Amino acid sequence: MTLAEVAKLVNGALEGDGSIEMAGVAGLREADPGDVAFLASPKYAEAMARTKASAVLVRRDWSGAAPCAVIRVDNPEVAFTRLVMATIPPPVQHRPGIHPTAVVAEGVVLGSGVAIEAHCVLEPGAKVGDRTVVGAGCYLGHGASVGKDGLLYPHVTLRERCRIGDRAIVHCGAVIGSDGFGYEPDGERWRKIPQVGIVDIGDDVEIGANVTIDRARFGKTVIGNGVKLDNLIQIAHNVKVGANTAMAAQAAVAGSAIIGRHCQIGGQSAIVGHITVGDNVMLAGSSNIIRDVPSGSILMGYAALPHMEFKRIQAVTGRLPELSRKIADILKRLAALEKDAGKQKGGEG
Amino acid sequence: MTLAEVAKLVNGALEGDGSIEMAGVAGLREADPGDVAFLASPKYAEAMARTKASAVLVRRDWSGAAPCAVIRVDNPEVAFTRLVMATIPPPVQHRPGIHPTAVVAEGVVLGSGVAIEAHCVLEPGAKVGDRTVVGAGCYLGHGASVGKDGLLYPHVTLRERCRIGDRAIVHCGAVIGSDGFGYEPDGERWRKIPQVGIVDIGDDVEIGANVTIDRARFGKTVIGNGVKLDNLIQIAHNVKVGANTAMAAQAAVAGSAIIGRHCQIGGQSAIVGHITVGDNVMLAGSSNIIRDVPSGSILMGYAALPHMEFKRIQAVTGRLPELSRKIADILKRLAALEKDAGKQKGGEG
Amino acid sequence: MTLAEVAKLVNGALEGDGSIEMAGVAGLREADPGDVAFLASPKYAEAMARTKASAVLVRRDWSGAAPCAVIRVDNPEVAFTRLVMATIPPPVQHRPGIHPTAVVAEGVVLGSGVAIEAHCVLEPGAKVGDRTVVGAGCYLGHGASVGKDGLLYPHVTLRERCRIGDRAIVHCGAVIGSDGFGYEPDGERWRKIPQVGIVDIGDDVEIGANVTIDRARFGKTVIGNGVKLDNLIQIAHNVKVGANTAMAAQAAVAGSAIIGRHCQIGGQSAIVGHITVGDNVMLAGSSNIIRDVPSGSILMGYAALPHMEFKRIQAVTGRLPELSRKIADILKRLAALEKDAGKQKGGEG
């Protein structure tokens, strides 16, 4: 597509060379020559000035200087989305059916329109709902089940008896139903506590690449409806994650913690075991919750504090060396005053 | 099973409707209606009051109020374990033999009663001990070996020449024997240092899902007997982990660190490279060890300190804004005093 | 090989029993009986005194005491490398060709000398360059491509349209091209934002085991030439990592962050989204960058500070309980002085 054709597609007015071929689409800062980007807000003026894009979608009334062609449109973000959608290749199509290399045990229950791709293994009693795609190399254990309209990318493992609801998206390498980490001391050695529960995952859940979710010691580890988990997250045994909670990459939740609905948990953060976190809690990245937290809390830091308190402490922390020097100075001046006062007292006596 | 049948199974006295069908077993806090839970200690009275369980196993002399049926027993925890064991489905049975889709090279040595499941790949020289199960899609590299009575869950990778002892449990997606992360600078570029050692894992080890253990630069990375690793842990090249040490999820040990016996390493914690950690060391979650640590230490925090010291510092940290204000106030009062003292001195002269 | 033969191989002078059989090679501290180690510098005298090695390579003029045989050589490190190289088994050979269990779609483009190992899946449009090895169980999505002379270890996933350059090394379980973590709020629920971009990886890149690299929302996530990523790292959508940057295990980079050339990012550290990190930046382990950072910065800690500043703060942090006590003491002494001064003022009036 040329820039002239791009302008036509988005009902825009081109200022620049319409014969330039568009190579791709990108953000202002990430764009390479050939890319078309967009300027959503005047606050990105600096990125605009430095962009390497060949053309930028801007508002009709935009009046800055551009290092490249511009295409004036009513709404740059909407126009950009239209452009993106017009240029991406069609999504991968998964043909229904069982690939001849898949190993599907007797007694597996498959819905209509299911795709079981190459080298999958489905053990006895596994169930797959209508139109769900089980990607290449996935493993569904004995009695494991996935609902309808789901998409399991390649190399997902769902161990025995674990359940996933409808419309799930599970990314590559995710492991669902591994044993919880539980031992009893036996002198210096550790005796394994059987982990005989399951993982029970609701509807509309998305699980990131290489995530691990442990099965319960008994009963179930629960991932509520609408939960979104980013990559490399650890969910320990018997955890409950409430509906519509979202967690960023590498977060971890320790055993038997209960997390409320619609929380937002930052990347690399941690929630210790056996505590209860309310609804709508926000936890900053690289932070820890180590005790029960009421609904609506916004928390940051190690042994996370309310974020305003944390920021006040952080502000003072940076001044600690200065505070230390001040105290030393005060001590000196105070000693001098005390000496004087002592003398005067003496003089008075 | 009805509650009446449950009571009979655990030699308990039921107070409540014996005809209710038990749906499952769960902890007090996690229980849903239909579940049977147990009250181990009076300190969980609040969880008892709020439980959604349909019945709770309690001590015979327990005297609190219950929101559901109770079953009085001698030891609620023991009774609960008996109930759990009576209700779980039998564990998955792995039939000995080589699945027809497995690719087993010539010269592979298999013990008696071994199960090599679907889509496994065993390279030349790999060895598997008696009765060990190699789950679906596992990869055993050239000359890799696993001892007897082991269980490798699906999608485990054991690279060339690495060794695992007897009675191992390795969870899905674990990677054992990946190259250590070692480079030499070559101007701005990095030149790879060959990683030609192995990983040597002892007996009775359990390795969590998606764990990564790097092979040594030369010689071996060593995981001692009885070590337990939770999910998503990183063990770098040439590390030695002493017998019966346990690490929680997402912990990391950097290159050539030596960790003693029977340590307990918290989740998301880190141990830097080239240091020695003694025996029986406990490191809190989200904490770091950055220098040698003597046996028996209990440590917390960034650049981990003895945990009592850490707690004292944490206590003061929360009062930092207050301390800062106090110092400002002192400075003001001190200046006033000094001014007065100066005047008086002047008056005296 | 006996110690006498070892000495001959490295042109060394043996002091000790030449008939001892060498079991392996190892560092001084990790060595077991039978191993040969080396003493690179006098500063390891203590490790030398305690080594369990059966022989140690030392400089010809070394004069310390040894608990075992020594072999005197011109350069112990060079001699050791020669010994290592003489003793390791030859590297695994990958025979060119397509394994009969691999599933290679029509229209896949394979270079000369390519090895496609057991149970691989290559979707339509995938490309593999000359002499590249695609290890057992790898998945290459629709239109995905890998350059020449690459090595993909088993169980790597490269999703549709993503690209890897020449001479790549990708370790087991790495996932390249998973969806970015992007949602729009829809009441309490989350609506998925399509992630239609790709991952574009340069030449001479090494990617660790179980790493996850997300595809861009649109455009591309970029990993520059010569980048080295350790295990279990998370790279979010639309990130750009500059050439020759190296990151240690479990580091994470959030969405749309731009990282410069030749940075060194410590293990478990994090870089928040939408910021720009300059060239040659060094970030300590377990640290966070939360705002733009100029080239050449050396940073440590939570909300990472210049490392000298961080160390000054850390030094004072350890003295916080003492500082707190000092302030309380000052306040008392000051109050006493103020009281006296008040009296005296009164006396003057």
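Since we're looking at a predicted model, the values are computed, not measured.

Caption draft 1: Inspection of the overall build of chain A at higher detail. Check the secondary structure of chain A and you find five helices and 38 strands. Counting only C-alpha atoms, chain A reaches 105 × 75 × 30 Å along its principal axes. Relative to its 349 residues, chain A shows a buried fraction of 58%. Restricting to contacts in chain A with at least 6 residues of sequence separation, those with at least 24 account for 17%. Summed over all atoms, the accessible surface of chain A reaches about 13,800 Å², with 54% contributed by carbon and sulfur.

Caption draft 2: Molecular detail of the state of the cysteines. All names here are of chain A. Scanning all chains against the criterion turns up zero disulfides over all chains. Considering cysteine sulfurs only, C120 is the nearest to C138, which forms no disulfide, with 5.1 Å between them. Here C138 falls in the buried class, since its relative accessible area comes to 1%.

Caption draft 3: Focus on the pattern of salt bridges. Residues and elements named next belong to chain A. Tallied over the entire structure, the rule returns 69 salt bridges over all chains. Here R131 makes a salt bridge to D149, at a shortest N to O gap of 2.7 Å. In this pair, R131 sits in the loop between β11 (127-128) and β12 (133-134) while D149 sits in the loop between β14 (145-146) and β15 (151-152), placing the two residues 18 residues apart along the sequence. Accessibility expressed as a relative area gives 42% for R131, which makes it partly exposed.

Caption draft 4: Summary view of the side chain of K228 of chain A. Looking at where K228 of chain A falls in the secondary structure, it is placed in strand β26 (residues 228-229). For the buried K228 of chain A, which has no salt bridge, the nearest side chain bearing the opposite charge is E206 of chain A, at an N-O separation of 5.0 Å. Once residues within four sequence positions are removed from consideration, K228 of chain A is found in contact with D204, E206, T245, A246 and M247 of chain A together with F181, Y183 and W190 of chain C.

Caption draft 5: A look at the sheet that holds strand β8 (residues 109-110) of chain B. Residue and element names in this part refer to chain B. Spatially, nine strands are ordered β8-β11-β14-β17-β22-β25-β28-β31-β34 in an open sheet, and the strand pairing comes out parallel. Edge positions in the open sheet fall to β8 and β34 (276-277), since each of these has one partner strand only. Relative to strand β11 (residues 127-128), β8 is paired through two bridges, and the arrangement is parallel. Bridging from a neighbouring strand, V109 pairs with K127 of β11.

Caption draft 6: Quick peek at helix α3 (residues 76-87) of chain B. All names here are of chain B. The terminal C-alpha atoms of α3 lie 16 Å apart, and with twelve residues this matches the ideal 16 Å at 1.5 Å per residue to within 8%. Inspection of α3 places P76, A79, F80, L83 and V84 among the buried residues, and these make up the whole buried set. One face of α3 carries all of its buried residues, which in axial projection span an arc of 140°. On its buried face, α3 is in contact with α1 (3-9), β2 (24-25), β3 (35-38), β4 (55-59) and β5 (69-73). Two or three places before E77, at the start of α3, stands the capping residue N75, its side-chain oxygen 3.0 Å from that residue's backbone nitrogen.

Caption draft 7: Spotlight on the interface of chain C and chain A. Across the contact, 69 residues belong to chain C and 70 residues belong to chain A. Between chain C and chain A, roughly 5,400 Å² of surface is buried when both sides are summed, and carbon and sulfur atoms account for 60% of that area. When residues of chain C are sorted by the area they lose upon contact with chain A, E188, W190 and Y302 of chain C head the list and together hold 14% of the total. Our enumeration of links across chain C and chain A arrives at six salt bridges. Close ionic contact of K220 of chain C with D32 of chain A constitutes a salt bridge, the shortest N to O distance being 3.8 Å. Counting every contact that joins chain C to chain A gives 29 residue pairs in polar contact (both at pLDDT 80 or more). Of all the secondary structure elements, the ones that give two or more residues to the side of chain C that touches chain A are β19 (175-178), β21 (189-192), β24 (212-214), α4 (307-317) and α5 (320-348) of chain C.

Caption draft 8: Fine view of the sheet that holds β19 of chain C. Residues and elements named next belong to chain C. Pairing in this open sheet of ten strands is parallel, and the strands run β7-β10-β13-β16-β19-β24-β27-β30-β33-β36 from one edge to the other. A strand with exactly one partner marks an edge of an open sheet, and here the two such strands are β7 (103-104) and β36 (288-289). With two bridges connecting them, strand β30 (residues 252-253) and strand β33 (residues 270-271) associate as parallel partners. When the bridges of β33 are listed, V253 appears paired with I271.

Caption draft 9: Structural view of the relation of the copies chain B and chain A. The transformation that overlays chain B on chain A combines an axial shift of 0.0 Å with a rotation of 120°, and the residual RMSD is 0.2 Å. Within this description, the copies of the chain are treated as partners about a three-fold rotation axis. Counting the interface residues of chain B, we find that no more than 20% of their copies in chain A are interface residues as well, pointing to two distinct contact surfaces.

Caption draft 10: Up close: the packing of aromatic side chains. Tallied over the full model, the rule gives nine aromatic pairs over all chains. Through a chain of ring-to-ring contacts, the aromatic side chains of F38 and F80 of chain A together with F218 of chain C assemble into a single cluster.

Caption draft 11: Seen up close, the environment of T2 of chain C. Residue and element names in this part refer to chain C. Relative to the helices and strands, T2 is located in the segment before α1 (3-9). Using a relative accessible area of 15% as the deciding quantity, one classes T2 as buried. It is 71 Å that separates the C-alpha atoms of T2 and E188, two residues lying 186 residues apart in sequence. Sequence-distant contacts of T2, that is, excluding residues within four places in its chain, are made with G18, S19, I20, E21 and M22.

Caption draft 12: Expanded view of the interface of chain B and chain A. Taken residue by residue, the interface counts 70 residues in chain B and 70 residues in chain A. Together, the buried faces of chain B and chain A total about 5,400 Å²; carbon and sulfur atoms form 60% of this surface. On the surface where chain B and chain A come into contact, there are six salt bridges. At the boundary of chain B and chain A, one finds 29 residue pairs in polar contact (both at pLDDT 80 or more). Sorting the residues of the side of chain B that touches chain A by element identifies α3, β26 (228-229), β29 (246-247), α4 (307-317) and α5 (320-348) of chain B as the ones contributing at least two each. When grouped by side-chain class, the residues that make up the side of chain B that touches chain A number 34 nonpolar, 23 polar and 13 charged.

Caption draft 13: Local environment of the pairing of β3 of chain B. All names here are of chain B. Of the two faces of β3, both are covered, the one formed by D35 and A37 as well as the one formed by V36 and F38. In this sheet, β3 lies alongside β2 in parallel orientation, the contact comprising two bridges. Within β3, the position partnered with G24 by the bridge is D35. Two elements, β3 and β4, share three bridges in a ladder whose sense is parallel. Paired with V36 across the strands is A55, a residue of β4.

Caption draft 14: Broad picture of the side chain of S178 of chain B. Within the fold, S178 of chain B resides in strand β19 (residues 175-178). In terms of polar contacts, S178 of chain B uses its side chain to reach the side chain of D214 of chain B, at 2.7 Å. Sequence-distant contacts of S178 of chain B, defined by excluding residues within four places in its chain, comprise R159, I213, D214 and R215 of chain B together with H171, A209 and N231 of chain C.

Caption draft 15: Layout of helix α4 (residues 307-317) of chain A. For α4 of chain A, the set of buried residues is F310, I313, V316 and T317 of chain A. The buried residues of α4 of chain A occupy an angular sector of 125° when projected down its axis, which confines them to one face.

Caption draft 16: Representation of the pairing of strand β19 (residues 175-178) of chain A in the model. Residue and element names in this part refer to chain A. Note: strand β16 (residues 157-158) against β19, two bridges, orientation parallel. In the sheet register, L158 faces β19, and the bridge partner there is I176. The pairing of β19 with strand β24 (residues 212-214) spans three bridges and is classified as parallel. What sits directly across from I176, in β24, is I213.

Caption draft 17: Focus on the environment of E117 of chain C. Structurally, E117 of chain C can be placed in the loop between β9 (115-116) and β10 (121-122). Classification of E117 of chain C by relative accessible area gives buried; the value is 15%. The spacing of E117 of chain C and A105 of chain C is twelve residues in sequence and 15 Å in space, taken between C-alpha atoms. Apart from residues no more than four positions distant in its own chain, E117 of chain C is found in contact with E123 of chain B together with H94, H99, A102, V133, V134, G135 and A136 of chain C. Separated by 2.9 Å, the side chains of E117 of chain C and H94 of chain C make a polar contact.

Calculation criteria
- Residues numbered from 1 in each chain as written.
- Chains lettered and ligands numbered in written order.
- Predicted model: local features only at pLDDT ≥ 70, side-chain atom pairs only at ≥ 80, totals over all residues.
- Heavy atoms only, no water.
- Helix = DSSP H or I, 4+ residues; strand = E, 2+ residues; numbered from the N terminus.
- Buried < 20%, exposed > 50% of the residue type's maximum accessible area, 1.4 Å probe, protein only.
- Contact = heavy atoms within 4.5 Å.
- Areas by Shrake-Rupley, 256 points an atom, 1.4 Å probe, with all protein chains shown as cover.
- Disulfide = S-S within 2.5 Å.
- Salt bridge = Lys/Arg side-chain N within 4 Å of Asp/Glu carboxyl O.
- Lys, Arg positive; Asp, Glu negative; His and termini not counted.
- Pairing = 2+ DSSP bridges.
- Expected span 1.5 Å × (residues − 1).
- Arc of directions from axis to C-beta.
- Polar contact = N/O pair within 3.5 Å; in protein donor to acceptor, adjacent residues only side chain to side chain.
- Buried area = accessible area lost by both parts, 1.4 Å probe.
- Least-squares fit on C-alpha atoms with pLDDT ≥ 70 in both.
- Phe/Tyr/Trp six-rings, centres within 6.5 Å; stacked < 30°, edge-to-face > 60°.
- Nonpolar A, V, L, I, M, F, W, Y, C, P; charged D, E, K, R; others polar.

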